Amino acid sequence: MRHFGHLAEDVRGRLFLEQPRAFTAQSEPEVLATALGGTLYSPATRPALAADIRKQAARGVVSMVLCLEDAIADHEVGAGERNLVEQLNDLVKDFTDCAHDHPLLFIRVRAASQIPDLAVRLGPAVELLSGFVLPKFTPENGGDYLAALAAAEAASGRRLFAMPVLESPELAHLETRREQLFGIAALLAAHRDRVLAVRLGVTDLCSAYGLRRSPDLTAYDVALVAAVIGDVVNVLGRADGTGHTVTGPVWEYFPVQERMFKPQLRRTPFTEASFAAPAGTAGASGEEVRRRIIEHDLDGLIREVELDRANGLLGKTCIHPSHVPAVHALSVVTHEEYCDARDILRQEQDGGGVLRSAYTNKMNEARPHRAWAERVLLRAEVFGVAREDVSFAELLSACLCG
């Protein structure tokens, strides 16, 4: 697998100073956690699930969650499990080596007991799995989930990761949040090798108060949600070696035929040249590319991903394929970030201190900025480094038109 691997080689060569590196399902956990990117959720009941996975992989999706929980009705669980087993056994026929070439696949279960049961029922198709998503994870139920995952690993002989979802009312409520977070932190620390990333269930957190953000607002505009995100990162996202990758919340809105309000992309500082069609996009004009971006209704998502990054989150839960290219384009390391990160680590090796950035627009202080620089270079390895004159809009255009 490789981010942007679905683009033609000449297009990648024009866009990237350092191209994204290949990785497999067997890569180091820190690489996989960074590489998750826009994780696309799909109901496990979809009749053409195997075909959907193939199609989305061809479009650049590198991680998917096949959902047996909130995405399907209670009475559909049994049928969803059967369909999942059948579809993955169809998909596994495509691969002679299941460590390569297919997206990182996770199953979102409803109960811990489903984990070892599905691992057995999948048979050879368990080789396609990277792990399980554990919903409504708390200190009370988390131990059962993780024990079930260990049992499934032992039975299958395959490394399986956990992605717990923090979304319980106890986490939303101020009086129980501290106890919940430190209880979860202790539990995850005891099973650190199995935890790939921590996911945030903002929709459920909002439901505890009857809230829902509009498409013109980000999760960070909802004060209660922003407070929970801040506390989760405070406890679980530390850069001292004890933290985990925390992924961004779902963006609930996707394209429609008409919009009541003009998208904010029309008012961005992007120039017309930013929307010029990338090489190899079959003659799409700059205006055509702009139209495609606007039609995908991505302005709110773009703002939220930028705020995710500023608040220490990486990657995002996606419920529509059109969201994934924006998440991935925004994950590419800019030339400026890359220069700063390399200079900071070089200066830190030389004993620390402060230096002016290569772009002469900021101070780079070696020791305080070291953890940031290390994360940037890991992201650069997975998502690549854009050329100096390549903008986010060009990266997104390439994904939408490629």
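The rules behind each value
Residues numbered from 1 in each chain as written. Predicted model: local features only at pLDDT ≥ 70, side-chain atom pairs only at ≥ 80, totals over all residues. Heavy atoms only, no water. Pairing = 2+ DSSP bridges. Helix = DSSP H or I, 4+ residues; strand = E, 2+ residues; numbered from the N terminus. 1 Å grid on protein atoms, 1.4 Å probe; cavity = no way out; pocket = protein on both sides within 12 Å on 5 of 7 lines; lining within 4 Å. Points joined across faces, edges and corners; volume = space filled by probe spheres on them. Nonpolar A, V, L, I, M, F, W, Y, C, P; charged D, E, K, R; others polar. Buried < 20%, exposed > 50% of the residue type's maximum accessible area, 1.4 Å probe, protein only.

Across the sheet, 7 strands lie side by side as β7-β6-β5-β4-β3-β2-β8; this open sheet has parallel pairing. Strand pairing shows two members of the sheet lacking a second neighbour, β7 (199-200) and β8 (316-318), which therefore form its edges. Pairing geometry for strand β5 (residues 129-134) and strand β6 (residues 161-166), over 4 bridges, is parallel. Each residue of the ladder has a partner; that of Leu134, found in β6, is Pro164.

If you add up the space inside the largest pocket, you get close to 1300 Å³. Looking at the largest pocket, it is lined by 47 residues, and the ones nearest its centre are Thr34, Thr245, Leu314, Arg375 and Leu378. Mapped by element, the contributors of at least two residues to the lining of the largest pocket are α2 (29-35), α12 (299-310), α13 (323-331), α14 (335-349), α15 (370-383) and α16 (392-401). Here the lining of the largest pocket is composed, by residue class, of 23 nonpolar, 10 polar and 14 charged. For the second largest pocket, the calculated volume is near 390 Å³.

In this section: unusual backbone geometry. Within the chain, Phe4 stands out as a residue other than glycine whose phi angle is a positive 65 degrees. In this fold, Phe4 is placed in the segment before α1 (9-15). Even without glycine at this site, Lys136 takes up a positive phi of about 50 degrees. You can see Lys136 is positioned in the loop between β5 and α6 (142-156). Take Lys136: its relative accessible area is 31%, and that puts it in the partly exposed class.

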